[in-house]
Each structure stands twice: as C-alpha cells, then as structure tokens.
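Read off the chains here:
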Amino acid sequence: MKSTLKKAGYNKVQKQVHDVFLQFTAKVVFFIIILFAFKLFFAGHYTPGGGFVGGLLAAAAIILLLIAFDQKTVEKVIPIDFRLLIAVGLAFAAVLPTLSFFFGTPFFTHQHTYVNVPVFGEVALHSAVIFDIGVFLTVAGSALLMIKLIAEEDA
Amino acid sequence: MTTNILALLPIMIPIFAGIIMLFMGKRPVMHRVVSGISGLLMILAAIWIVAHVFQNGTMVTYIGDWMAPFGINVVIDMASALLLLTTSIITFAVVVYSFQSIGIERERYYYYVMVMFMIAGVNGAFSTGDIFNMFVFFEVFLLASYVLITLGGTKIQLQEGFKYLLVNMISSNFFVLGVAYLYSVTGSLNMADIYLKLEDYDGSLVIMTIIAVVFMFVFATKAGVFPLFFWLPGSYYAPPMPVIALFGALLTKVGIYAIARTYSLFFIDNQAFTHQALLLLALLTIILGSVGAMAYTDMKKVIIYNILIAVGIILVGFSLMDEVGTIGAMYYLIHDMIIKAALFMLVGFIIYRTGKADSERLGGLIRKHPVTGWMFLVAGFALAGVPPLSGFYGKFFIVQSAFDNDHYIAGIIVLVSSLAVLVSVVRIFMNVFWREEMDFSTLKPIKSDKLLFSSIGLVIVSVTFGLAADFLYPFFEMAASSFHDPASYASYLTEVE
C-alpha cells in the first residue's frame, strides 16, 4: 500500500499527520457515536437494534480515535485486552441461557419483570439484556482485535 | 426436564470448553486437559442421549419455550443421536492425537479452542430441527474450519485455505437462497413442519425441483459429490494430520446428513428426478474416487480419495430411500466416520515417524511397528468391507437395496468399488510394511504413545462396532426409520397439534 502510494508521488504518507481538525472532531464525535451505540443497544428486543449493531458502532467509535490519534494513545485510553473482552462476552452469552437448566425451563427461556425506579418510573428488567451484553462485548472485541492486528502487521 | 438439558449438552459442552480455554490464554497444557475432559464428557452425554432416545423415542426441546413450528427446536432422533455419539468419540480421539502431533505453536494459538467450536457447530447441525438454524450451525463449524485449515500459515495451507474459503462461502450463499425459496413456498422453517405442509402440496412441481437442485448444489459442494468435489483433494491435503482426520471424518458427513434429511423430508414429490439425479451423481463420485484412490501412491491422497468413494456409497443408500437402503446408509455412515479418522491417524503416524508421505519410498516397517502394521491392514479391510468388519454391513444392505430396486448397475458399481478400495489400501500396506527394509536410521524419534493410543483405539472401536452390528441393529433400524418414513420424524409436531 505504502509503496504504491510512494510511486504515485505521495512522499509524506508515512508521517503521522497531526490533523487538528480531525482530532478535535473525533473527540466530540466519539461521544456521540458511543451514546448512539448504547441507545441502539438498549433499543433492541422490542425495536430495531441490539447487541450486534451496538457493538459494531462502539467499535467504530474507538476505530475513529485510532485514525485520529495513534495506537499508543488509544491503548492508554482503553487499557483492555481485546482477547479477554471476547472471552468475557462469550461467557456472558453462553452462561445466561445455560442458567435456565437450573430453573427447569427450556434453553434460552427468558425471564422478565417490571420494577418501579423513583425517577424513571416503570422500568423493564429482562434477562435477555445480559445475553445482549455478551453479544455487544464479543462483537466490539473481535472488530477491534482485527483492526489492531492488521495495524500492527503493517508497522 | 431431562430432555431440556440433555439435548443441549453436545452443543454446550464444547462451547464452554472453548470459552474456558479462551480465559486461560496461551497455556497449551491446560488447553489439553480441558479439551480432553470435555471430549470425555461429550462421549458420556452422547451415550446417555442414545439410551434416552432408544427408550423414549425422538427427543425434542423447544428453545426459549416457543411452541413447535414457530420457535427453533432441537430434535434428536436416533440418526442424530448416533451421529452425535460418533462425533464425540472421534473428537476425543483426535484431541488426544493432537497432544503429540499438532505442535506447541499451533496449540498456543488456540488450536483446541477452534476444534471445540467446530465440534459445537457440527453437533448443532446434527441435532437441530430447523433448516435455517442448520445453516447457522454450518456457518459456525465452517468459520472454525477456516481457522483450522490456515492455522500455522504455511504456504500450501494459505493457498488451499483460500480456495476452501471461497468455495464454501459461495455454497453457503446458495444455502440461504435455497432456504429462502423453501420459505416462500411453505411459509415455515421447521423441518418437520415443512414436511407436513409439503405432504399435501398441490402447487407446481417445477419450483420444488428447482429448490431440490439448489440444495443438492449446496450440500454436494460440502460433501464433495462428483462435479463439485474439485476443492476437496487439494484442501484436505494441506492442513496437519489431526485436522485432516477431523475434516475427513466429520465435515463431509455433515453434508451427507443434510442431503439425507432434506431429501427425505422435503423433496418427496418428484423422486423420479431428484433421487435419480442423486443416485447418478453418487455413482459418478464412486467411480471418480476409485480412479483417484488407485492412481496415487501418496498415502494421504489415497485416503482422501477414499473419502469420495465413501460419500458416493452412502449417497447411493440414501438416494434409494427404502428401508433396507437407509439402514445400510446409516451403518456405512457411522462406520466410515470412525474408520476414516482411524486411517488418517495411522497414516499420520507413519508420516510423522518417517517424514515421508509417499508410500513408494518406504518399506519393511513391519519389523519396527508390527502392531501398527496389522492394525492398518485391519482398518483397510474394514474400509473395503470384508466381513465381519464394520464396512460389510453397510455395503451389504445398500447393495441388497439396489438389487431390490432394479438398480443393478448401482449395485455392481458399489461392489466393484470395494475392490478398488482394497487394492488402494493394501498397496499402501504392502509398500510401507512389507518389501525390503528402508533405512531405519532415518526414522524420526517421536513420542508416539498417544498417537497410537487414539489411532489403534479407533480401529478397535471400529472392529467392535463390526462384531456388535447384530446387537446394534435395532438402533440402526430406528435411525433409518426417520429417513424412509419421514412421518415418524414429524410425529412430534402432529402429537402436539
């Protein structure tokens, strides 16, 4: 990639560009994307959304940081091993449906209830959320791990 | 209560084993322990499932407590139960075999995790009762198999892995397409429900035949049936021996199982075309596999072409779709899974010991490894179907059914193919173990107790299976009934209604 660009006359490509506009925008847009990711995540189940898109969007937000800054900065901001993130996500997604073994209900049977929280009013508590957290973590973790590995290979 | 838990165990045990290993990180020895234990647990669970299905009939669990035609359900009839048991035995054997053969580097990079996830997918495809869910499980084991085929990153692995990836991606796309067609015709994805809806189907036969051809294209690619086998000899040659054993024993058989299921449940109206086409392709596969098996002296290649022969023979049994034919196909399917894994492992042992894959360059090994040599001969005889070894019963029923249905040519081709198998395997045996002795100083000093434990163990399992075939007949009769009498497979739905 780099050599092709060089041949085309782009000599300065190798330098890390400190693009002030990009970095400033990324800082703001990052939070918007993350919030939208969580909105999509919690919108799931009854309306379009869920763990998968939520996870992808969250990963996209972090990848934006990766483009605007560099890998070291991102690692400092989010000091998580993405492999562990995948494992934790899978554990969430696998353990929750298996819990239904102990209640004598078929696999994946969901449980839900409504509780009254002072400010928010009636809130639905649903066991599927825990499964979805697992999906969220796995998807975000694997997307980030892939990008990170590709980035490392190039350097 | 029991059915709710038991039916999910073959899928959940490997998944949990994989997750536990992911948490452990790159610690090969711990991975070995976990995968070995989970292999044993899977065998126990599968034996329990077989016993339960034998006593109480088809085991059904409704995932998420959604009622039958609407939710996904796991349906384990006897055919699935036997396949689950065989898969578990092979998994355990291959995992033990890998301890000393796959190499520490691959072990460190999550080899066992991928094996476990692949087994979860294979078991899921065997036990699900929903056609779209079957597609999902196909993807699960294919994704893991993409990793397994390229893990290690040698040149040939990447080259063949890419072909494998491309071929399987395309056929998976057609799988979704076929499922979509089927859904638009029947309005259901539950396999038993589709059968009930198609039973009094009075629409166009053409559309059902087209769907049948799409499904045949998909599963024939996965199983390596005649015009679509082209990727198989190359791709299966590339990865290390334990992975080949796993692929050769399990992956093509999932394709065959899917063909048997769909062709017995869905495509029942136009059998004169669909099943005859299947029979023709199966026979061409046998002929081509025989040519390939006899043409090579490379041991791996010979066994790989023997996969094609076995695929053809099993499909002959399933395409006849009568009682005798399907019993034979079930016998041969189970037999072939075990014996293929055993043969690949034995060949793998010879290759690891000598460092050469070409049987012409070896000789006289019987002095060094008498037990292995004779076990190889027994395995070869079982593969060819010499009575009373396990291959005989399957072929016997299949040929009987072919002659019953006036398919004399099919019967004769199956019989003659046994000769080709025998020639190809015995020639390896004679080249490697007899003849004048090779230079024994070039032998590699490898630790081989676990290699021999699992390969000879599987041969013994196969021999026992052959000797106990009479005792096991009721199991196989029950397994075959859901193919030649699909109403019995769908009965769990009619009982609910």
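As annotated in an unreviewed UniProt entry, chain B is Monovalent cation/H+ antiporter subunit D from Salinicoccus halodurans. Its UniProt record gives chain B the following Sequence similarities (unreviewed entry) comment, quoted word for word: "Belongs to the CPA3 antiporters (TC 2.A.63) subunit D family."

Going by what an unreviewed UniProt entry lists, chain A is known as Monovalent cation/H+ antiporter subunit B and is assigned to Salinicoccus halodurans. What the UniProt record of chain A gives under Subcellular location (unreviewed entry) is the line "Cell membrane". Quoted straight from UniProt, the Sequence similarities (unreviewed entry) entry for chain A says "Belongs to the CPA3 antiporters (TC 2.A.63) subunit B family."

Colleague: In this structure, what is going on with the overall build of chain B? I would like to understand it.
Modeller: A count of helices and strands for chain B gives 22 helices and two strands. Against the compact-globule benchmark of 23 Å for 497 residues, chain B has a radius of gyration of 22 Å, which places it among compact chains. The buried share of chain B, reckoned over its 497 residues, is 63%. Contacts in chain B between residues far apart in sequence, at least 24 positions, make up 80% of those at least 6 positions apart. Within the structure as shown, chain B displays about 17200 Å² of accessible surface, and the carbon and sulfur contribution to it stands at 69%. For chain B, the distance from the average site of its 25 positive side-chain charges to the average site of its 29 negative ones is 21 Å.

Colleague: Explain the pattern of salt bridges to me, please; I cannot follow it from the model alone.
Modeller: Oppositely charged side chains can form a pair if their charged atoms are brought close together. All names here are of chain B. According to the stated counting rule, one finds seven salt bridges over all chains in the structure shown. Among the salt bridges present, the one from Asp193 reaches Lys197, with a minimum N-O distance of 3.2 Å. Placement of the pair is Asp193 and Lys197 together in helix 9 (residues 191-199), with a separation of four residues, close to one helical turn. Judged by its relative accessible area of 36%, Lys197 falls in the partly exposed class. Put simply, Lys253, Asp336 and Lys340 are held in one network by salt bridges that share partners.

Colleague: Honestly, the interface of chain A and chain B in this entry has me stumped. Any pointers?
Modeller: Many analyses report the size of an interface as the accessible area lost when the parts associate. Chain A puts 16 residues into the contact, and the matching count from chain B is 18 residues. Together chain A and chain B conceal approximately 1500 Å² of surface at their shared face, both sides included; 80% is due to carbon and sulfur atoms. For the chain A face of the interface with chain B, the top three residues by lost area are Phe101, Pro106 and Phe107 of chain A, together amounting to 39%. The interface formed by chain A and chain B contains one residue pair in polar contact (both at pLDDT 80 or more).

Colleague: Just checking my understanding: could you explain the UniProt feature "domain: Na+/H+ antiporter MnhB subunit-related protein" (unreviewed entry) in chain A for this structure?
Modeller: When the UniProt feature table is mapped onto this chain, "domain: Na+/H+ antiporter MnhB subunit-related protein" (unreviewed entry) is found at residues 22-144 of chain A. With 67% helix and 10% strand, the stretch residues 22-144 of chain A has end C-alpha atoms that lie 20 Å from each other.

Colleague: Got a minute to help me understand the packing of helix 15 (residues 323-354) of chain B against helix 20 (residues 469-484) of chain B in this structure?
Modeller: A packed helix pair is summarised by two numbers, namely the angle formed by the two axes and the spacing between the axes. Residue and element names in this part refer to chain B. Viewed as axis vectors pointing N to C, helix 15 and helix 20 meet at an angle of 115°, and their least axial separation amounts to 8 Å. Where helix 15 crosses over helix 20, the two elements pack in a sense that is right-handed. Contact residues: helix 15 offers Glu323, Thr326, Ile327, Met330, Tyr331 and Ile334, while helix 20 offers Ala469, Leu472, Tyr473, Phe476, Glu477, Ala479, Ala480, Phe483 and His484. Grouping the amino acids of the contact of helix 15 with helix 20 by side-chain chemistry returns eleven nonpolar, two polar and two charged.

Colleague: Help me understand the UniProt feature "transmembrane region" (unreviewed entry) in chain A, please; the structure alone is not making it clear to me.
Modeller: All names here are of chain A. Here, the residues flagged by UniProt with the feature "transmembrane region" (unreviewed entry) are residues 20-43, 49-70, 82-103 and 123-147. For the annotated span residues 49-70, helix accounts for 82% and strand for 0% of the residues, and the straight-line distance between the end C-alpha atoms is 30 Å. For the annotated span residues 82-103, helix accounts for 82% and strand for 0% of the residues, and the straight-line distance between the end C-alpha atoms is 33 Å.

Colleague: What's the story with helix 20 of chain B in this structure? I'm lost.
Modeller: One turn of an α-helix holds 3.6 residues; hence residues three or four places apart share an orientation. Residue Phe475 of chain B marks the point of greatest curvature in helix 20 of chain B, where the axis turns by about 35°. Along helix 20 of chain B, the residues classified as buried are Ala469, Leu472, Phe475, Phe476, Ala479, Ala480, Ser482 and Phe483 of chain B.

Colleague: Please clarify how the pairing of strand 1 (residues 112-117) of chain A should be interpreted in this entry.
Modeller: Side chains on a regular strand alternate between the two faces of the sheet. All names here are of chain A. The pairing of strand 1 with strand 2 (residues 121-126) spans six bridges and is antiparallel. Each bridged residue has a counterpart across the sheet, and for Tyr114 the counterpart in strand 2 is Ala124. Linking strand 1 back to strand 2 in an antiparallel pair, the connection comprises three residues.

Colleague: I would appreciate a short explanation of the side chain of His52 of chain B in the present structure.
Modeller: Residue and element names in this part refer to chain B. The residue His52 is located in helix 3 (residues 28-56) in this model. On the accessibility criterion, His52 (14% relative accessible area) is buried. Once residues within four sequence positions are removed from consideration, His52 is found in contact with Thr2, Thr3, Leu6, Gly57 and Met59.

Colleague: Any chance you could explain the UniProt feature "domain: NADH:quinone oxidoreductase/Mrp antiporter transmembrane" (unreviewed entry) in chain B here in plain terms?
Modeller: Feature annotation in UniProt places "domain: NADH:quinone oxidoreductase/Mrp antiporter transmembrane" (unreviewed entry) on residues 129-418 of chain B, given in this structure's numbering. With 80% helix and 0% strand, residues 129-418 of chain B has its two end C-alpha atoms placed 35 Å apart.

Colleague: I'm lost on helix 9 of chain B in this one. Help?
Modeller: All names here are of chain B. Taking burial as the measure, the nine residues of helix 9 include seven buried ones, the bulk of the element. Every buried residue of helix 9 is accounted for by Met191, Ala192, Asp193, Ile194, Tyr195, Leu196 and Leu198. The N-capping residue of helix 9, defined by a side-chain oxygen 2.9 Å from the backbone nitrogen of Ala192, is Asn190.

Colleague: How should the environment of Thr274 of chain B be read in this particular structure?
Modeller: Residues and elements named next belong to chain B. Within the element layout of this structure, Thr274 appears in helix 13 (residues 271-295). Exposure remark for Thr274: the relative accessible area of 3% places this residue in the buried category. Linking Thr274 and Ala125, residues 149 residues apart in sequence, is a C-alpha distance of 23 Å. Residues within four places of Thr274 in sequence aside, it is in contact with Thr209, Ala212, Met216, Tyr263 and Phe267.

Colleague: Looking at this structure, I do not really get the pairing of strand 1 (residues 59-62) of chain B. What am I missing?
Modeller: Residues and elements named next belong to chain B. Alternating positions in strand 1 separate into two faces, Met59 and Thr61 on one and Val60 and Tyr62 on the other, with burial throughout. Pairing of strand 1 with strand 2 (residues 73-76) involves four bridges; the strand directions are antiparallel. Pairing of Met59 across the sheet is with Ile76, part of strand 2.

Colleague: Help me understand the packing of helix 3 of chain B against helix 6 (residues 111-127) of chain B in this model?
Modeller: Residue and element names in this part refer to chain B. Two numbers describe how helix 3 lies on helix 6: the axes approach to 10 Å, and their chain directions differ by 20°. One element, helix 3, and the other, helix 6, form an angle in the roughly parallel class. Relative to helix 6, the crossing made by helix 3 is left-handed. On helix 6, the residues touching His31, Arg32, Ser35, Ser38 and Met42 of helix 3 are Tyr112, Val113, Met116, Ile119 and Asn123. A per-class count over the contact of helix 3 with helix 6 returns five nonpolar, four polar and one charged.

Colleague: Help me understand the packing of aromatic side chains, please; the structure alone is not making it clear to me.
Modeller: Centre distance and the angle of the planes are the two values used to describe a pair of aromatic rings. Residues and elements named next belong to chain B. Enumeration over the complete set of coordinates arrives at 46 aromatic pairs over all chains. Aromatic pair Phe132 and Phe135: ring centres 5.5 Å apart, planes at 45°, arrangement tilted. Here Phe132 pairs with Phe135, and both are found in helix 7 (residues 131-150), just three residues apart, close to one helical turn. In this structure Phe132 comes out as partly exposed when scored by relative accessible area, which is 34%. Judged by centre distance (5.7 Å) and plane angle (80°), the ring pair of Trp231 and Tyr236 falls under edge-to-face. Comparing Trp231 with Tyr236, the two get one shared label, buried. Following the ring pairs from residue to residue traces out a cluster consisting of Phe132, Phe135, Phe138, Phe141, Phe175, Phe215, Phe219, Tyr263, Phe266 and Phe267. Above the face of the Tyr237 ring, Lys301 is positioned so that its terminal group lies 4.2 Å from the ring centre.

The rules behind each value
Residues numbered from 1 in each chain as written. Chains lettered and ligands numbered in written order. Predicted model: local features only at pLDDT ≥ 70, side-chain atom pairs only at ≥ 80, totals over all residues. Heavy atoms only, no water. UniProt positions renumbered as here; feature names shortened; annotations may be inferred. Helix = DSSP H or I, 4+ residues; strand = E, 2+ residues; numbered from the N terminus. Rg over C-alpha atoms; globule rule 2.2 N^0.38 Å. Buried < 20%, exposed > 50% of the residue type's maximum accessible area, 1.4 Å probe, protein only. Contact = heavy atoms within 4.5 Å. Areas by Shrake-Rupley, 256 points an atom, 1.4 Å probe, with all protein chains shown as cover. Lys, Arg positive; Asp, Glu negative; His and termini not counted. Charge placed at Lys NZ, Arg CZ, Asp CG, Glu CD. Salt bridge = Lys/Arg side-chain N within 4 Å of Asp/Glu carboxyl O. Buried area = accessible area lost by both parts, 1.4 Å probe. Polar contact = N/O pair within 3.5 Å; in protein donor to acceptor, adjacent residues only side chain to side chain. Axes fitted to C-alpha atoms, helices over the stretch in contact; angles between N-to-C directions. Left-handed = near helix turned anticlockwise from the far one by under 90°. Nonpolar A, V, L, I, M, F, W, Y, C, P; charged D, E, K, R; others polar. Bend = angle between axes of the 7 residues up to and from the residue. Pairing = 2+ DSSP bridges. Parallel < 35°, antiparallel > 145°, perpendicular 65-115°, else oblique. Phe/Tyr/Trp six-rings, centres within 6.5 Å; stacked < 30°, edge-to-face > 60°. Lys NZ or Arg CZ within 6 Å of the ring centre and 35° of its normal.

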